[in-house]
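Commentary on secondary and tertiary structure
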Amino acid sequence: MLKLCVAGATGRMGQAIIAEATTKGHQITGATEAPNNPAVGKSLRDFGFNSDIKISADIKKAMGDADVFISFTTPAADLINIPIATSFGKRIILGTTGFTAEQNKQIIATMSDKVPAVFSPNYSIGVNILFKLAEQLNAFPQNYDFSINEIHHIDKKDAPSGTAKKLSEIISSVRGYTKTISGREGISPRQPQELEVTTFRAGGIAGIHDLIVAGPNEMLRIEHTAFNRNVFAQGAVYAAEWLSHQATPKIYSMADVLGLN
Ligand SMILES: NC(=O)c1ccc[n+]([C@@H]2O[C@H](COP(=O)([O-])OP(=O)(O)OC[C@H]3O[C@@H](n4cnc5c(N)ncnc54)[C@H](O)[C@@H]3O)[C@@H](O)[C@H]2O)c1
């Protein structure tokens, strides 16, 4: 049984993580929210959980004796919260996406070599196997084109998704693309150095990532569909369990957690 502190406790992912963690017999020992969130001061019981833990805006108090700090919040929140978690020596599961390149460097520098942490734009098993498959795709001849499309619910703030960004980094390094473009309009033929990464926002879709590889006479299409957020919550809690056995302070990937490396 792990003691967990969940940041963004009343967010979509926070709620899914608390549900998954309690189902698996872990204890929520801390729950945090943004200071202006109306949930602050309420208890997890008010949100349908069998727990009297109060939702707090005070991360230091909430972290208490938690074994792992799990955060799916916002880049602005994590730029403040993650340094606090590392200074308390907490293991970290970080799922927030939408960091700028500069913020990403900052957050990585804050965690690396300080505490055992997992930082992944996608905690699902299928997507992490897709990342591994993408590394093998250099076998396609140079005249095969790669395109990525991602679709998420209308409340998702960042675009393209962290998963699409990671997939495009892998494809770019394997295929030598030097530019990503996010759409076409007017006269805009594809240039050889371009990787296409497009984004749709629609309804309540939990997450679809589609990788298309097309040559002159054939197409390979690999699609990952998350049916709901539970897949990310399951992965995050599984990663927390795995992380609790890691002693070396470093940033691990989901590929490490799943034994894919
Ligand atoms: N890595 C993955 O597998 C994965 C999967 C789904 C979503 N995400 C990412 O997780 C993040 C959250 O997604 P969501 O759909 O739950 O969003 P959400 O908006 O429903 O929840 C975010 C929560 O964080 C809270 N928050 C904001 N500032 C805070 C602070 N300072 N301290 C504590 N809590 C704070 C908000 O009030 C909100 O309740 C996004 O970046 C999203 O892209 C990652």
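**Looking at the nonpolar core**
Soluble, globular proteins show a tendency: their nonpolar side chains are buried together. With 48 residues, the main nonpolar core has Leu4, Val6, Ile17, Ile70, Ile93, Ala236 and Ala240 as its most contacted residues. Top element by residues in this core is helix H7 (residues 230-243). It accounts for 8 residues. Excluding anything up to four places from it in sequence, Ala240 contacts Leu2, Leu4, Val68, Ile70 and Ile93. Counting 13 residues, the second-largest nonpolar core is a separate cluster that includes Ala134, Phe146, Tyr177 and Leu195.

**Section: the domain arrangement of the protein chain**
The domain architecture assigned to the protein chain consists of domain 1 (3-123 + 229-257) and domain 2 (125-225). Summarising the inter-unit geometry, the C-alpha centres of domain 1 and domain 2 are found 28 Å apart. Contacts between the two partners involve 8 residues from domain 1 and, on the opposite side, 13 residues from domain 2.

**Some remarks on the sheet that holds strand S8 (residues 179-181)**
Strand order in the open sheet formed by 5 strands is S8-S9-S7-S10-S11, with mixed pairing between adjacent strands. Two strands in the sheet have a free side with no partner beyond their single neighbour: S8 and strand S11 (219-225). Going from strand to strand, the sheet's axes swing by 20° on average, the running direction of each strand aside. As paired elements, S8 and strand S9 (residues 194-201) share 3 bridges and run parallel to each other. Each residue of the ladder has a partner; that of Thr180, found in S9, is Leu195. In the packing of helix H5 (residues 125-135) onto the sheet, the strands contacted are strand S10 (208-214) and S11, and the crossing angle to S11 comes to about 155°. Strands in contact with helix H6 (residues 162-175) are strand S7 (145-152), S8, S9 and S10; relative to S7, the strand with the most contacts, it is inclined by about 175°.

**Some words on the environment of Leu211**
Inspection of the secondary structure puts Leu211 in strand S10. The class of Leu211 is buried, set by 22 C-beta atoms lying within 10 Å. In sequence terms Leu211 and His224 are 13 residues apart; their C-alpha atoms lie 8.7 Å from each other. Excluding residues within four positions of it along the chain, Leu211 makes contact with Leu130, Ala134, Ile148, Leu167 and Ile222.

Reading guide: rules and limits
Residues numbered from 1 in each chain as written. Predicted model: local features only at pLDDT ≥ 70, side-chain atom pairs only at ≥ 80, totals over all residues. Core = buried A, V, L, I, M, F, W, Y, C linked by C-beta atoms within 7 Å. Buried ≥ 20, exposed ≤ 12 C-beta atoms within 10 Å, placed from the backbone. Helix = DSSP H or I, 4+ residues; strand = E, 2+ residues; numbered from the N terminus. Contact = placed C-beta atoms within 7 Å. Domains from an automatic or database assignment. Pairing = 2+ DSSP bridges. Axes fitted to C-alpha atoms, helices over the stretch in contact; angles between N-to-C directions.

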